[in-house]
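Each chain, letter by letter, is given below.
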Amino acid sequence: MSSETYAALAGRILATEPRLGPVRLVAVDGPSGAGKSRFAERLAKVADIPVVHTDDLLDGWDDQFSFWERLEEQVLNPLRHGRHATYRRYLWHRAEFGGDPVIVEPAPAVLLEGVTAARRVIRPELSFSVLVTAPPELRWRRALARDGRDDVAFRAYLERWRVNEDEHFESDATAAHVDLLVDGAAEGPEDRYERLWPVPD
């Protein structure tokens, strides 16, 4: 394990070739509660690039994997053709899409953050991919704290979600294909992250 600054990583990413049309698409993947959002937000701030959170495009709990068509239509395809992307976030408390539209310009790089962001179908168009990981017990505590719920129904949803994502990562062989594996459990300065290298088999 070694420490690296977000600034250094941003430089490496911006030096890669665009593969999604004119855009360098960067996937930040990993299981729920691993620390993907924190990692993506810190990297995006340093690199001054936008972030698209896949959770914003899910149509509820049952859309864990099938949201990709919506992501492709509203975000990836416009960026691929040098156009701005527009979508509305899913409002989990209202169980519907709404609010002000989110506009993403075809910037030099765009971060795509969320479970399955580095899935097999998009790999050829990724300029860089990251997998953030953390121990299961920590991820569980973080998920409960993040969503502010600890009732029986929520725990059942979360457990089903975790089983499904574990099966996805195994069948998709995500860890074997990313460019960077990050320790999402590490605590340290906000300008640095802990890199796990090499990616384990």
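Residues numbered from 1 in each chain as written. Predicted model: local features only at pLDDT ≥ 70, side-chain atom pairs only at ≥ 80, totals over all residues. Heavy atoms only, no water.

Comments concerning the overall build of the protein chain
So the rule is basically this: A run of H or I in DSSP becomes a helix once it reaches four residues, and a run of E becomes a strand once it reaches two; helices and strands are each numbered from the N terminus. The reference for a compact globule is 2.2 Å times residues^0.38; the radius of gyration itself is calculated from the C-alpha atoms. Throughout this description, buried means an accessible area under 20% of the type-specific maximum (1.4 Å probe, protein chains only), exposed means over 50%, and partly exposed covers the range between. Residues count as neighbours in contact if any of their non-hydrogen atoms are within 4.5 Å of one another. Here the open area of atoms and residues is found with the Shrake-Rupley method and a 1.4 Å probe, where only the protein chains shown may cover a residue. In this tally Asp and Glu are treated as negative and Lys and Arg as positive; neither His nor the chain ends contributes. Every charge is mapped to an atom, namely NZ of Lys, CZ of Arg, CG of Asp or CD of Glu.
Along the backbone of the protein chain there are 5 helices and 9 strands. Over its C-alpha trace the protein chain gives a radius of gyration of 16 Å, about what one expects of a compact globule, namely 17 Å for 201 residues. With respect to the principal axes defined by its C-alpha atoms, the protein chain has extents near 45 × 40 × 30 Å. A burial count over the protein chain gives 48% of its 201 residues as buried. Taking the contacts inside the protein chain whose residues are at least 6 apart along the sequence as the reference set, 72% of them involve residues at least 24 apart. Total accessible area computed for the protein chain in this model is approximately 10000 Å², and 51% of it derives from carbon and sulfur atoms. Between the centroid of the 26 positive side chains of the protein chain and the centroid of its 35 negative side chains there is a distance of 2 Å.

Quick look at the pairing of strand E4 (residues 85–91)
Threshold: Think of it this way: DSSP has to see at least two bridges between two strands before they count as a pair.
Bridging between E4 and strand E5 (residues 96–104) involves 6 bridges; their strand directions are antiparallel. The residue bridging Ala85 from the neighbouring strand is Val104, located in E5. Adjacent in sequence and paired antiparallel, E4 and E5 are bridged by 4 residues, among which Ala95 carries a positive phi angle near 60°.

Structural notes on the sheet that holds strand E2 (residues 24–29)
Put simply, the rule reads: Structural elements are reduced to axes, namely lines fitted to C-alpha atoms, with helices fitted over the stretch in contact, and the angle between N-to-C directions of any two is expressed from 0 to 180 degrees.
Ordered in space as E1-E9-E8-E7-E2-E6-E3, the 7 strands form an open sheet in which the pairing is mixed. Of all strands in the sheet, those bounded by a partner on one side alone are strand E1 (2–5) and strand E3 (51–53). The sheet shows a mean angle of 30° between the axes of neighbouring strands, direction not considered. For strand E7 (residues 126–133) and strand E8 (residues 180–183), the ladder comprises 4 bridges, and the chain directions are parallel. Note on E8: the bridge partner recorded for Val132 is Val182. Relative to the sheet, helix H1 (residues 6–14) contacts E1, E2, strand E6 (109–113), E7, E8 and strand E9 (192–196), its axis offset from that of E1 by approximately 70°. Helix H2 (residues 36–47) contacts E2, E3, E6, E7, E8 and E9 of the sheet and is inclined by roughly 170° relative to E6.

As for unusual backbone geometry
With the exception of glycine, most residues fall at negative phi, and the peptide bonds are largely trans. Its identity is not glycine, yet Asp48 carries a phi of approximately 60°, on the positive side. Residue placement: Asp48 occurs in the loop between H2 and E3. What makes Asp48 exposed here is its relative accessible area of 69%.

Focus on the packing of aromatic side chains
Test applied: Working definition: a ring pair exists when centres of Phe, Tyr or Trp rings (six-membered ring for Trp) sit within 6.5 Å. Plane angles under 30 degrees give stacked, over 60 give edge-to-face, the rest tilted.
Enumeration over the complete set of coordinates arrives at 10 aromatic pairs. With a centroid separation of 5.8 Å and 70° between ring planes, the pair formed by Trp61 and Phe154 is classed as edge-to-face. Highlighted residues: Trp61 in the loop between E3 and helix H3 (68–80) and Phe154 in helix H5 (residues 152–172), separated in sequence by 93 residues. Residue classification places Trp61 among the partly exposed residues on the basis of a relative accessible area of 22%. Overall, Phe154 belongs to the buried group, its relative accessible area being 2%. Taken together, a centroid distance of 5.0 Å and an interplanar angle of 85° make the contact between Tyr90 and Trp92 edge-to-face. Given a relative accessible area of 8%, Tyr90 falls into the buried group. Accessibility expressed as a relative area gives 37% for Trp92, which makes it partly exposed. Ring pairing ties together the aromatic residues Trp61, Tyr90, Trp92, Phe97, Phe154, Tyr157 and Trp161, which thus form one cluster.

What about the packing of H1 against H2?
Applied cut-off: These descriptions rest on fixed angle ranges, namely under 35 degrees for roughly parallel, over 145 for roughly antiparallel, 65 to 115 for roughly perpendicular, and the rest for oblique. Any residue outside Ala, Val, Leu, Ile, Met, Phe, Trp, Tyr, Cys, Pro, Asp, Glu, Lys and Arg is labelled polar, Gly included; the first ten of those are nonpolar and the last four are charged.
Close contact between H1 and H2 brings their axes to 9 Å; oriented N to C, the two are set at 70°. When the axis of H1 is compared with that of H2, the two are roughly perpendicular. For the pair formed by H1 and H2, the contact residues are Tyr6, Ala7, Leu9, Ala10 and Ile13 on the first element and Phe39, Arg42, Leu43, Val46 and Ala47 on the second. The residue makeup of the contact of H1 with H2, split by class, is 9 nonpolar, no polar and 1 charged.

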